[in-house]
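Spelled out, the chains give:
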Amino acid sequence: MTVVHHSPADREDRDDVTAGTEACEHRQTEKCNGKTHCRDCKRQLYL
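Read on for a plain summary of the structure. Keep in mind that this is a model prediction, so the values were computed, not measured.

## Section: the overall build of the protein chain
Then comes step 1: What the protein chain contains, in helices and strands, is one helix and three strands.
Then comes step 2: Listing the helices and strands of the protein chain from first to last along the sequence gives α-β-β-β.
Then comes step 3: Burial analysis of the protein chain (47 residues in total) assigns 9% to the buried set.
Then comes step 4: Roughly 4700 Å² of accessible area belongs to the protein chain as shown, and the carbon and sulfur atoms make up 48% of that amount.

Here it is, written out as structure tokens:
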């Protein structure tokens, strides 16, 4: 088994990437080909 150790600098880089993103709340959904999708972000939702 391989163990990967991350330096504090790696963690800071990851924080910078995720800090500016907002999660979609999937408030409105729509059906397409029998699958449910979010109207805003267009992701398929697994209900």
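Still more to cover.
## A word on the sheet that holds strand β1 (residues 29-32)
Then comes step 1: With antiparallel pairing, the three strands of this open sheet are ordered in space as β1-β2-β3. Only two strands of the sheet have a single neighbouring strand rather than two, namely β1 and β3 (44-45).

## Overview of the pairing of strand β2 (residues 35-38)
Then comes step 1: When β1 meets β2, the two strands line up antiparallel, connected through four bridges. Bridge assignment links K31 to a residue of β2, and that residue is T36.
Then comes step 2: Counting the residues that bridge the hairpin from β1 to β2 gives two residues, and of these N33 lies at a positive phi of roughly 55°.
Then comes step 3: Sheet topology places β2 next to β3; two bridges connect them, and they run antiparallel. Across the sheet, residue T36 finds its bridge partner in β3, namely L45.
Then comes step 4: Taking the residues that link successive antiparallel strands as the turn, the β2-β3 hairpin has five residues, and the phi of K42 there is positive, at about 70°.

## Overview of the environment of C32
Then comes step 1: Mapped onto the elements, C32 comes out in strand β1.
Then comes step 2: Placed twelve residues apart in sequence, C32 and Q44 show a C-alpha to C-alpha distance of 9.4 Å.

Calculation notes
- Residues numbered from 1 in each chain as written.
- Predicted model: local features only at pLDDT ≥ 70, side-chain atom pairs only at ≥ 80, totals over all residues.
- Heavy atoms only, no water.
- Helix = DSSP H or I, 4+ residues; strand = E, 2+ residues; numbered from the N terminus.
- Buried < 20%, exposed > 50% of the residue type's maximum accessible area, 1.4 Å probe, protein only.
- Areas by Shrake-Rupley, 256 points an atom, 1.4 Å probe, with all protein chains shown as cover.
- Pairing = 2+ DSSP bridges.

Function-wise, these values are silent; they only describe arrangement.
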